[in-house]
Amino acid sequence: MPPPADIVKVAIEWPGAFPKLMEIDQKKPLSSIIKEVCDGWSLANHDQFALQHADSSNFYITEKNRNEIKNGAILRLTTSPAQNAQQLHERIQSSSMDAKLEALKDLANYSRDITFAQEFINLDGISLLTQMVESGTELGAHFGDMLSFTLTAFVELMDHGIVSWDTFSVAFIKKIASYVNKFASDISILQRSLAILESMVLNSHDLYQKVAQEITIGQLIPHLQGTDQEIQTYTIAVINALFLKAPDDKRQDSLVGLLPLPLTEMANILAQKQLRSIILTHVIRAQRAINNEMAHQLYVLQVLTFNLLEDRMMTKMDPQDQAQRDIIFELRRIAFDAESEPNNSSGSIEKRKSMYTRDYKKLGFINHVNPAMDFTQTPPGMLALDNMLYFAKHHQDAYIRIVLENSSREDKHECPFGRSSIELTKMLCEILKVGELPSETCNDFHPMFFNHDRSFEEFFCICIQLLNKTWKEMRATSEDFNKVMQVVKEQIMRALTTKPSSLDQFKSKLQNLSYTEILKIRQSERMNQEDFQSRPILELKEKIQPEILELIKQQRLNRLVEGTCFRKLNSRRRQDKFWYCRLSPNHKVLHYGDLEESPQGEVPHDSLQDKLPVADIKAVVTGKDCPHMKEKGALKQNKEVLELAFSILYDSSGQLNFIAPDKHEYCVWTDGLNALLGKDMLSDLTRNDLDTLLSMEIKLRLLDLENIQIPDAPPPIPKEPSNYDFVYDCN
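Here the structure is a predicted model, which means the values were calculated and not measured. Per chain, residues are indexed from 1 in the order of the written sequence. Per-residue local features of the predicted model are confined to residues with pLDDT of at least 70, and side-chain atom pairs are confined, for both listing and counting, to 80 or more; whole-chain, interface and lining totals are unaffected and use all residues. In computing side-chain properties, one takes all heavy atoms of the structure into account and sets aside hydrogens as well as water.

Colleague: Looking at this structure, I do not really get the side chain of T564. What am I missing?
Modeller: Locating T564 in the fold gives a position in strand β5 (residues 564–567). For this analysis, a polar contact is any N or O atom pair within 3.5 Å, provided that within protein one partner can donate a hydrogen and the other can accept it, and provided that sequence-adjacent residues contribute only side-chain to side-chain pairs. At 2.8 Å, the side chain of T564 and the side chain of W669 are in polar contact. By the convention used here, residues are in contact when the closest approach between their heavy atoms is within 4.5 Å. Excluding residues within four positions of it along the chain, T564 makes contact with R559, W579, Y580, C581, P661, E665 and W669. Each helix is a run of DSSP H or I of at least 4 residues and each strand a run of E of at least 2, with the numbering of both proceeding from the N terminus.

In structure tokens, the structure reads:
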């Protein structure tokens with residue numbers, strides 16, 4: 001008799017018959033189980049039948065996924081994937097428009113299942129769908145619905161990664177591109193058309209070139225001006241895909257559909273097309289919350305836009321290039337010759353050289369004789385000089401004030417503008433990760449960078465003034481240069497974490513982060529981390545730590561009871577499939593199931609079809625140890641995804657695979673699951689929470705001892721008295 005762990009009790013449905021209750025032996029071949037079910041209803045040709053989940057997913061049960069069947073599951077006996085694919089292949093070619101519409105609707109639903117998708121693709125189903133799209137004509141009232149279901153089925157089939165994107169014709173691309181303009185009011189067709197274009201660009205270099213010829217920024221802008229955030233998200237995703245896959249020397253062309261342009265003209269093109277201001281007005285400042293997917297696409301666009309600076313950042317200055325040297329002359333002229341001295345100014349060449357050397361020293365260059373040598377290090381290369389010139393021209397008063405102010409200080413206290421600008425530019429490039437590819441999971445965009453066409457330069461102008469202000473507050477000398485830069489970086493990072501909505505608001509945040517305030521913050525954090533290290537306090541910590549850990553454990557379990565929505569990720573950059581998992585209030589069962597869309601609140605237990613008893617969990621594994629991270633080509637072992645992956649192992653080979661939406665949820669779930677299994681909670685979040693709560697609790701308990709010195713060692717125990725006559729005698 002098979003062990004209980006290998007037996008699953010299920011109900012099986014068949015149209016026109018009462019459901020059959022039976023026990024499935026997971027050690028038996030699936031074909032023999034299907035034969036047994038067919039024999040029970042006297043159905044011949046059992047090889048033409050298959051089992052399906054009876055829920056809305058309609059996923060077929062195969063030898064690969066049969067371990068996902070749970071006790072109490074409701075299954076359905078249905079035609080096999082091959083039979084179903086053959087029937088739908090014939091039905092979608094029906095001459096009856098009503099029959100054809102129903103067939104396409106069923107195809108869009110069944111195509112989500114990879115088993116069915118493989119069979120339909122084997123029948124050359126993808127070619128059939130593309131032919132229908134290429135030859136599509138107006139078909140009365142049914143046309144919109146038929147096209148919508150056709151494109152949906154196509155997207156679902158291609159999403160499985162079975163067919164290469166390189167196989168599609170120019171005619172098909174042109175047709176999909178035309179739908180972006182033709183069906184602007186039909187949300188479903190527009191959404192799927194944009195999704196197909198994005199996938200083409202991301203998955204095929206040849207298709208990128210063809211799509212870039214068909215789609216321009218002007219065609220996409222109207223979709224950003226609408227009110228549907230999902231369409232806006234898909235539109236920005238297409239722009240990002242074109243931008244991301246463009247060759248370095250033509251990256252700007254993907255956005256504008258023009259002939260190759262110098263990289264320096266990119267900002268002008270974007271300004272002409274008003275892409276930034278449209279996104280700011282209709283997306284960022286729209287009266288609605290920005291969802292995670294939109295935030296991710298805005299983050300990607302932000303990163304790719306800043307990456308346009310990489311070329312200048314990695315370009316060394318040529319000391320022999322007169323045009324580049326003229327920029328340095330212009331910096332000197334603006335600072336010291338307000339009315340510009342004529343080219344034939346009097347004085348010997350030696351005298352003028354001496355004067356220039358003196359001025360270059362005042363400007364804070366390291367090489368006073370030939371400042372061009374200061375810009376030969378990459379990064380920041382010529383980008384630093386670009387920033388300095390922008391500051392001098394667009395914030396001339398502030399520039400002159402900084403230069404002249406430091407010229408009048410004693411040598412040891414002057415803040416070198418040239419050296420500071422170069423190091424600050426390098427720092428800002430590191431903070432904004434200029435030149436790095438965007439993360440596939442990050443959604444950390446900054447609204448303030450969408451407020452200005454030259455946001456990086458304006459960012460620099462604010463920060464260089466901050467640096468000069470901090471230098472004065474610290475009363476720094478040249479020996480303190482690195483210390484000042486560390487403080488400035490901390491000020492910038494702390495201001496950025498508040499996500500200011502504009503550059504002016506960012507500037508205001510910095511005003512509240514003076515050097516004095518940074519010292520206070522550091523002191524407070526140091527107190528939290530390093531204070532209370534005496535022996536009595538350490539003993540108190542040891543005593544109260546178990547109750548703090550129990551409090552953290554309860555919080556983690558309460559969060560698991562609330563549940564979390566997880567995304568289903570694969571090779572595509574963006575997915576719109578979700579599933580939800582939550583712990584039962586009695587902490588004995590995990591409930592989970594697929595969702596059609598991201599929920600706005602908690603999902604009730606009764607709407608989640610699948611269950612996993614906590615008692616059946618054998619282990620929780622993370623990162624590269626997860627089964628779904630070991631699969632061939634699984635997300636290409638992306639570092640960010642690996643850091644968010646964890647799996648629950650149960651029974652002999654059962655597994656429940658997760659990719660957390662962010663690091664916080666990852667810590668909450670791994671902590672909670674370990675707590676359920678009676679193991680230690682080892683996440684960074686637990687360590688931080690423990691440190692914070694311990695510090696707070698100790699401070700509360702020591703309030704009455706404020707300003708009282710606590711000795712490092714307990715007072716000595718006095719010697720025993722010679723007699724105990726002082727003890728009270730109850731008799």
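Now that the structure has been shown, the text picks up again.
Colleague: Help me understand the pattern of salt bridges in this model?
Modeller: For side chains of opposite charge, pairing can occur when their charged atoms come near one another. Between Lys or Arg on one side and Asp or Glu on the other, a salt bridge is scored when a side-chain nitrogen of the former is within 4 Å of a carboxyl oxygen of the latter. Under the definition given, this model contains 25 salt bridges. For the salt bridge of R556 with D671, the shortest nitrogen-to-oxygen distance reads 3.1 Å. Taken as a pair, R556 in helix α26 (residues 535–562) and D671 in helix α29 (residues 663–676) lie far apart in primary sequence, 115 residues in all. When salt bridges with common partners are traced through the structure, they connect R332, R358 and D359 into a single cluster.

Colleague: What's the story with the packing of helix α21 (residues 417–431) against helix α23 (residues 481–496) in this structure? I'm lost.
Modeller: The description of two helices packed together rests on the angle between their axes and the distance between the axes. Their axes nearest at 11 Å, the elements α21 and α23 cross at an angle of 40°. Regarding the angle of α21 to α23, the classification is oblique. Crossing of α21 against α23: the hand is right-handed. Here α21 contributes R419, S420, E423, L424, M427, L428, E430 and I431 to the contact with α23, which in turn contributes F481, M485, V488, K489, I492, M493 and L496. Under the convention adopted here, Pro, Cys and the residues Ala, Val, Leu, Ile, Met, Phe, Trp and Tyr are nonpolar, Asp, Glu, Lys and Arg are charged, and Gly plus all remaining residues are polar. Residue composition of the contact of α21 with α23, grouped by class: 10 nonpolar, 1 polar and 4 charged. Each axis is a line fitted through C-alpha atoms, and for a helix only the stretch in contact is used; angles between axes span 0 to 180 degrees, taken between their N-to-C directions. Orientation categories follow fixed angle ranges, with anything under 35 degrees roughly parallel, anything over 145 roughly antiparallel, 65 to 115 roughly perpendicular, and all other angles oblique. Crossing handedness: left-handed means the near helix sits turned counterclockwise from the far one by under a right angle, and right-handed means the same turn made clockwise.

Colleague: Honestly, the confidence of the model for the protein chain in this entry has me stumped. Any pointers?
Modeller: Close inspection of predicted coordinates is inappropriate in any region flagged by low pLDDT. For the protein chain, per-residue confidence averages 85 on the pLDDT scale, and residues scoring 70 or more make up 87% of the total. What pLDDT conveys is the predictor's confidence in a given residue, as a value from 0 to 100. The low-confidence segment residues 250–269, where pLDDT is below 50, has 37 contacts with residues more than four positions distant or belonging to other chains.

Colleague: Looking at this model, I keep getting lost on the sheet that holds strand β11 (residues 654–659). Mind explaining?
Modeller: What holds strands together in a sheet is hydrogen bonding between their backbones, with the strands either parallel or antiparallel. Strands pair, by our definition, only if DSSP identifies at least two bridges between them. Within the open sheet, the 3 strands sit side by side as β9-β10-β11. Their pairing is antiparallel. The sheet terminates laterally at β9 (617–622) and β11, the two strands that pair on one side only. Averaged over all neighbouring strand pairs, the angle between strand axes comes to 15°, with direction disregarded. Here β9 pairs with strand β10 (residues 645–650) via 5 bridges, running antiparallel. Paired with A619 across the two strands is L649, which belongs to β10.

Colleague: Help me out: how do you make sense of the sheet that holds strand β2 (residues 20–25) in this one?
Modeller: If you trace the 4 strands from one edge of the open sheet to the other, you get β2-β1-β4-β3, paired in mixed fashion. The open sheet has two edge strands, β2 and β3 (49–53), and neither has a second partner. Going across the sheet, the axis of each strand differs from the next one's by a mean of 45°, ignoring polarity. Relative to strand β4 (residues 74–79), strand β1 (residues 7–13) runs parallel, the two sharing 3 bridges. Each residue of the ladder has a partner; that of I12, found in β4, is L75. Sheet contacts for helix α1 (residues 30–40): β1, β2, β3 and β4; angle to β2, the most-contacted strand, approximately 160°.

Colleague: What exactly am I supposed to notice about α26 here?
Modeller: Given 3.6 residues per turn, any residue in an α-helix points the same way as the ones three and four places further on. Here α26 is 28 residues long and its end C-alpha atoms lie 40 Å apart, about the 40 Å a rise of 1.5 Å per residue gives. At I544, α26 shows its largest kink, close to 40°, and the proline P546 lies no more than four residues downstream. Close packing links the buried residues of α26 with β5, β6 (578–583), α29 and α30 (684–701). The first or second residue beyond α26 is G563, which carries a positive phi of 90°. What a helix is expected to span follows from its residue count: subtract one and scale by 1.5 Å. A residue's bend is given by the angle between axes fitted to the 7 residues ending at it and the 7 residues starting at it.

Colleague: I tried to follow the packing of helix α8 (residues 187–203) against helix α11 (residues 229–245) on my own but got confused; where do I start?
Modeller: Two elements in contact, α8 and α11, have axes whose closest approach is 9 Å; the angle formed by their N-to-C orientations is 20°. Considered as vectors, α8 and α11 are oriented roughly parallel to each other. Crossing hand, α8 versus α11: left-handed. Contact with α8, carried on its side by I187, L190, Q191, L194, A195, E198, V201 and L202, involves E230, I231, Y234, T235, A237, V238, A241, L242, L244 and K245 of α11 and no other residues of that element.

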